[in-house]
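Notes for the structure review
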Amino acid sequence: MRLPRRPRLLLPVAIALVAIVALFFLFSGIYTDYLWFTAIDYTRVFSSVLVTQIVLFLVGAALMAGIVGGNMLLAFRSRPLFGPAVFGGGGSGADRYRQAIDPHRKLVFIVGMALLALFAGSSTAGQWPTWMQFANGQPFGTTDAEFELDLSFFMFELPFIRLVLNFLFTAVIISIILAAITHYLYGGFRLQSPGVHASKAARVHLSVLLGVFVLLKAIAYWYDRFDLVFSERGFVHGASYTDINAVLPAKNILAIIALICALLFFAGVIRPGGMLPGVSFGLLALSAVLIGGVYPMLVEQFQVRPNQQGKEAAYIARNIDATRQAYNIDDAKVEAYSAEADPSKVRANAAGDASVTGVRLLDPGLVSATYEQTQRIRGFYEFADQLDVDRYPDENGKLTDHIVAVRELSGPPEGQNNWINRHLVYTHGYGFVAAPGNKVDSSGLPAYDAKDMPVTGALAERTGLKESRIYFGETTGAEYVIAGGNPERPQELDYPETGGTGQKNTTYTGKGGVPVGSFLNRLFYAAKYSEVNILLSGDVNDNSKILYERGPRDRIAKVAPFLTLDSDPYPAIIDGRVTWIVDGYTTSNAYPYSQSESLQEMTRDTATDRSRVIAQQPLDEINYIRNSVKATVDAYDGTVTLYAWDPNDPVLKTWSSAFPGIIQPKTEMSQSLLAHIRYPEDLFKVQRYTLSRYHITDAAAFYSGQDFWNVPNDPSQGERNVKQPPYYLTTTMPGGEPTFSLTTTFVPRQGPNLAAFMAVDSTAGENYGKLRILRMPSNTPIPGPGQAQNAFQSRFAGELNLLGVGASSVRYGNLLTLPYAGGLVYVEPVYIQVAAGGGQEPYPILQRVLVSFGSQIGVGRTLDLALGQVFGEERTTDQQQQPQQNQQDQQNQDAQQNQETSALQTAISDAQRAYDDATKALQSDPPNWEEFGKAQQRLDEALEKLQGAGVQAPVTTPTPAPTGSPAPSPAPTGSAAPSPSASPAGAS
């Protein structure tokens, strides 16, 4: 039935319109990407990747279409002149298919080849990293243990060879299938009794194709030999005894057999019949089963398993060496540490030692809620769930650990979330917030030295902070914004202010963003975001810029797609500007003999569980990692800068050759930036995971596994089975000076005792990155983190329960471990999670500090008070924690009881009065924090008296309740070691 003329004309028009629209949106994506890369001066990355993808697409498409299409054409042109009749008999079942297809065979062929080329080209273009590494691969200067080839062969060349072989296998298999179908449809062969009848042309054609397939299999067998260095057959990854002594010879033999079989297939070209192809297939299949499968299995079962330790020893040693090199832990220094210091032998002035008294108390995972409630200012601002630890000089110029954060924008207020507010008004966050980690104010809140809007505080002055607007951040990067419109009529919300309209407005003047003043750019971005307002809005003018890809990790991942990025960017004040610092890794899963593991599993712990989902990594299974790049992103203008932190890394050298000029030398880093460089957390987690086993370098001891370690579960998380995160803090290793470090602990695979303590120097300099492990004695139990937590809770259960009554709850902060004076100090802050009132979320306030050293345990409102109990002249003992009773005569005992009764009644009255005064101070508008602190001190003293008498206090600890604006902080204590009378809630 023939269609009417008009519908026949409409169909191609509709198809053409659909094609034009699709091409327009495709071009919009490419063109806007070009504008983005151009705006940040990384056009070379865009052009290099795009050109490489286009070339690979064309090559892949052309090769696939040429090989498959050529074989189909050859099959068609070699068809018998008289069709199926050449074999005699009637028509075959293929006749009706041929009759249906033949009138449209050219169209079917062209469309089929176009689709095949499209899929093949797209697949090949997606392999551009493999090609670039092959084309630019740099030597390692190290050879593997078995084949004595440079490691670059396995890292860069072998993956490309595998890519080519897989492509050719696919092309040949598809060619065999489609050529056979073509021969069948056009009478080249028929399936009839007593067997297959084929024309000479069909037989020759298919024999050659099968011969090529088997020849490729011979080549694949040859290269399979090199893949044995990644084998998982043995006790560890890498070629095992069975691989070297059974599989490797088998691959050699199979390669020769496959070559012979290929020649037999080619011989079928000149010798008719199916005997030679049949013999070839049978020989190849039988050899693969017996030589490639059965023989290695017998060797493994009867030679290796009965004596695995002896047979595998040499290959375990290879794995240990390669793994330690691949994860950059081969220089980790392990030293014995007794950790059995007697507190009584530590001098009384130890409590004044800065290496202990300056320890960080604020837990960045807990105080985020405190920052949120006391420094959010308005409900449309927010802080990250997991804050960051950095170091800044105090008023005396001494570097002090700080808990730092930036105030980012969560979006317009509820009910105001329209397009203009979301994209043109609420464009950025504002402010850098920081507090010393080793002190709090008189109410237990962080003693901020950078806070509020505009930013005030001593830290802001000392660092010369000039620009604190956050246009690029971890949470602000979710959507695009259009900024920098009319400077004469600013409409971007800068920060709330008192008086007038209640808000300060600004206009973006940074160099970041893509100009959208032209109609063409607005049109393409309207298509990119499917938003017509971009094209029609009168607020978008010649000065406007569109800012997108605003997350620090997103921007770096786009300009450096070859890097695996650390999951935790952190902000720092660099040369007067808020700058994000992100660690970049070069990773691979192709390092010979190295143990392959999941990056996500190696980095999972409490911090990743409670703060953020571990960042999606482009390569999860890895067996090689280097922190090769330090990257920065300016929080105001989005400038991305990459620095070669490990210029000797061959993988980084390879990518630098592929993208010349995009990575700057480390010497270009400013001193201000170097001061805030720290050892990356994800790398440290990977290394501690690996060192839990690979601290053992003896193959026999590794096989037995009796000295393997575990990362302990986080004791502050109760029954949750989640690993304790590493902690940034300033600590002093034996024989060293106080240094900003990243630390962790290990426990044995069986048992809760401490097995080892590990720290890495995290300050840029000569000792940066040096891993030191203090190994505990294996024959003496040293309490581990879980045991220390249990000791704290059992010793001070009464006092801590008193703090957590009513609407409050006790929250344990990070349990820090520090080597000190031949022993180990455990320090743990205790917070009270308080209900803020007024619909606000509860947040923690520091109330106690727990300290243990050896057999001594102390608790205090400040770190100094707790240290005084442990190291002071009057140390806390088990007996001192119990009610004291006079053991003299009965008369003195009665007198003492009467005195205690009177004191108890006084303490109850004092506690109730202090509670009432504290509540009254909080209910005043604004809250009277000074009176609250004094009342808290009196309440603490009364509670301590009640606890000493063994009485559960009938009062509830009053709690602050900020109303959404920052409460005026009491004057800071001004000292790291104040007296109790000078600072009731204490700085420590």
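Overview of the structure. In this text, all values refer to a predicted model and were calculated from it rather than measured experimentally.

**Overview of the packing of helix 2 (residues 43-77) against helix 6 (residues 151-185)**
Remark: helix 2 packs on helix 6, axes separated minimally by 8 Å, with the N-to-C direction vectors making an angle of 25 degrees. One finds that helix 2 runs roughly parallel with respect to helix 6. In this structure, helix 2 meets helix 6 at a crossing whose hand is right-handed. Of the residues in helix 6, those in contact with Gly60, Leu63, Met64, Ile67, Val68, Asn71, Met72, Ala75 and Phe76 of helix 2 are Phe167, Leu168, Thr170, Ala171, Ile174, Ser175, Leu178, Ala179, Thr182 and His183. The residue inventory of the contact of helix 2 with helix 6, partitioned by class, reads 13 nonpolar, six polar and no charged.

**What to know about the packing of aromatic side chains**
Applying the stated criterion to the full structure yields 50 aromatic pairs. With 6.4 Å between their ring centres and 70 degrees between their planes, Phe140 and Tyr591 make a pair best called edge-to-face. Linking Phe140 in the loop between helix 5 (128-136) and helix 6 with Tyr591 in the loop between strand 18 (577-588) and strand 19 (597-598), this pair joins segments that are 451 residues apart in sequence. Given a relative accessible area of 16%, Phe140 falls into the buried group. When the ring of Tyr591 is compared with that of Tyr624, the centres are 5.6 Å apart and the planes differ by 10 degrees; the resulting orientation is stacked. Of this pair, Tyr591 sits in the loop between strand 18 and strand 19 while Tyr624 sits in strand 21 (residues 624-634); the two residues are 33 residues apart in sequence, bridging distant segments of the chain. Accessibility assignment for this pair places Tyr591 and Tyr624 in one class, buried. Within the aromatic cluster, the residues linked to one another by ring pairs are Phe147, Phe153, Phe154, Tyr223, Phe226 and Phe230.

**Regarding helix 4 (residues 105-125)**
A rise of 1.5 Å per residue sets the reference length of helix 4, with its 21 residues, at 30 Å; its end C-alpha atoms lie 29 Å apart and thus fit the reference within 8%. Every buried residue belonging to helix 4 is among Met113, Leu116, Ala117, Ala120, Gly121, Thr124 and Ala125, and all of these are buried. With its buried residues spanning 150 degrees around the axis, helix 4 presents them on a single face. What points out from helix 4, more than 90 degrees from its buried face, is the exposed set Leu107 and Phe119. Along its buried surface, helix 4 packs onto helix 2, helix 5 and helix 6.

**Considerations on the pattern of salt bridges**
As enumerated under the stated definition, the model contains 26 salt bridges in all. Arg772 serves as the salt-bridge partner of Glu335, at 2.9 Å between the closest nitrogen and oxygen. Residue Glu335 is located in strand 3 (residues 333-336), and its partner Arg772 is located in strand 28 (residues 771-775); the two are separated by 437 residues in the primary sequence. The class of Glu335 is buried, set by a relative accessible area of 17%. For Asp605, the salt bridge goes to Arg688, with nearest N and O atoms at 3.4 Å. Linking Asp605 in the loop between helix 18 (599-602) and helix 19 (606-611) with Arg688 in helix 22 (residues 681-694), this pair joins segments that are 83 residues apart in sequence. The class of Asp605 is buried, set by a relative accessible area of 0%. Sharing partners across several salt bridges, the network here consists of Arg162, Asp224, Asp227 and Lys251.

**Some remarks on the nonpolar core**
Across soluble globular proteins, you tend to see nonpolar side chains buried next to one another. Grouped together as the largest cluster of nonpolar side chains are 185 residues, with contacts concentrated most on Tyr371, Phe432, Leu642 and Phe659. At 12 residues, the largest contribution of residues to this core is made by helix 6. Of all hydrophobic cores here, the second largest spans 21 residues; its members include Met776, Ile782, Leu800 and Val859.

**Things to note about a nonpolar patch on the surface**
A grouping of Leu107, Val111, Leu115, Leu118 and Phe119 is seen on the molecular surface, where their side chains present a nonpolar patch of about 500 Å² in accessible area. Within the secondary structure layout, Leu115 lies in helix 4.

**Brief notes about the sheet that holds strand 5 (residues 388-393)**
Strand order in the open sheet made by the three strands is 5-6-9, with antiparallel pairing throughout. Only two strands of the sheet have a single neighbouring strand rather than two, namely strand 5 and strand 9 (432-436). In this sheet, adjacent strand axes meet at a mean angle of 40 degrees when their direction is disregarded. Of the pairings in the sheet, the one linking strand 5 to strand 6 (residues 399-406) comprises six bridges and is antiparallel in character. Counted as the bridge partner of Pro393 is Leu399 from strand 6.

**Some remarks on the sheet that holds strand 11 (residues 481-483)**
Ordered by their spatial adjacency, three strands build an open sheet running 11-15-14, and the pairing between neighbours is antiparallel. Each edge of the open sheet carries a strand with a single partner, namely strand 11 and strand 14 (514-515).

**Thoughts on the side chain of Gln687**
With respect to the helices and strands, the residue Gln687 is situated in helix 22. Under the relative-accessibility criterion, Gln687 is labelled buried at 0%. At 3.1 Å, the side chain of Gln687 forms a polar contact with the backbone oxygen of Tyr327. Setting aside anything within four residues of it in sequence, one finds Gln687 in contact with Tyr327, Asn328, Ile329, Tyr679 and Leu771.

**Describing unusual backbone geometry**
Here the amide bond leading from Met453 into Pro454 is cis, since omega sits at -10 degrees, within 30 degrees of zero. Looking at the element boundaries, Pro454 is found in the loop between strand 9 and helix 14 (458-463). Positioned with a positive phi, Glu549 is a non-glycine residue whose angle comes to about 50 degrees. You can see Glu549 is positioned in the loop between strand 15 (545-547) and helix 17 (552-559). Within the chain, Tyr593 stands out as a residue other than glycine whose phi angle is a positive 70 degrees. Structurally, Tyr593 can be placed in the loop between strand 18 and strand 19.

**With respect to the environment of Tyr430**
Structurally, Tyr430 can be placed in strand 8 (residues 429-430). Beyond its immediate chain neighbours, meaning those up to four positions away, Tyr430 contacts Tyr381, Arg407, Met453, Pro454, Val455, Ser468, Arg469, Ile470, Asp494 and Tyr495.

**Topic: the side chain of His428**
With respect to the element layout, His428 can be found in the loop between helix 13 (419-425) and strand 8. With relative accessibility at 1%, the residue His428 sits in the buried group. A distance of 3.2 Å separates polar atoms of two side chains, one belonging to His428 and the other to Tyr471. The contacts of His428, once residues within four sequence positions are left out, are Tyr381, Leu409, Arg469, Ile470, Tyr471, Glu492, Leu493, Asp494 and Thr506.

What counts, and at which threshold
Residue numbers run consecutively from 1 along every chain, following the written order of its sequence. For a predicted model such as this one, the threshold for reporting local features is a pLDDT of at least 70, and the threshold for listing and counting side-chain atom pairs is 80 or more; totals across whole chains, interfaces and linings nevertheless cover every residue. Side-chain numbers come from the whole structure's heavy atoms, not from hydrogens or water. All axes here are fitted lines through C-alpha atoms, helices being fitted over the stretch that makes contact, and every angle between N-to-C directions spans 0 to 180 degrees. Runs of E in the DSSP output that reach at least two residues are strands. Runs of H or I that reach at least four are helices, and both are numbered from the N terminus. Throughout this description, any angle smaller than 35 degrees is read as roughly parallel, any larger than 145 degrees as roughly antiparallel, any in the 65 to 115 degree range as roughly perpendicular, and the remainder as oblique. Crossing handedness follows the turn of the near helix against the far one: under a right angle anticlockwise gives a left-handed crossing, and clockwise gives a right-handed one. Only heavy atoms enter the contact rule, under which two residues are in contact if any of them lie within 4.5 Å. Under the scheme applied here, ten amino acids are nonpolar (Ala, Val, Leu, Ile, Met, Phe, Trp, Tyr, Cys and Pro), four are charged (Asp, Glu, Lys and Arg), and all others, including Gly, are polar. Within 6.5 Å between ring centres, the rings of Phe, Tyr and Trp (the latter by its six-membered ring) count as paired, and their orientation is classed by plane angle as stacked under 30 degrees, edge-to-face over 60, tilted in between. Only protein chains enter the area calculation, which uses a 1.4 Å probe; residues under 20% of their type maximum are buried, those over 50% are exposed, and those in between are partly exposed. Helix span is expected to be 1.5 Å times the residue number reduced by one. An arc is given here, and it is the one of the directions from the helix axis to the C-beta atoms. The salt bridge criterion pairs a side-chain nitrogen of Lys or Arg with a carboxyl oxygen of Asp or Glu, the two atoms within 4 Å. Here, the term nonpolar core denotes a set of buried Ala, Val, Leu, Ile, Met, Phe, Trp, Tyr and Cys residues that are joined through side-chain atoms within 4.5 Å. Patch building starts from residues that exceed 30% relative accessible area and form no salt bridge, then joins like charges within 9 Å and nonpolar side chains (Val, Leu, Ile, Met, Phe, Trp, Tyr) within 5 Å. For the area figures, the Shrake-Rupley method with a 1.4 Å probe applies, and any residue is considered shielded solely by the protein chains shown. We call two strands paired when DSSP finds no fewer than two bridges between them. Counted as a polar contact is a pair of N or O atoms within 3.5 Å, where, for protein atoms, one must be capable of donating a hydrogen and the other of accepting one, and residues adjacent in sequence contribute only when both atoms are in side chains.

All quantities given are derived from atomic positions and should not be read as evidence of function.
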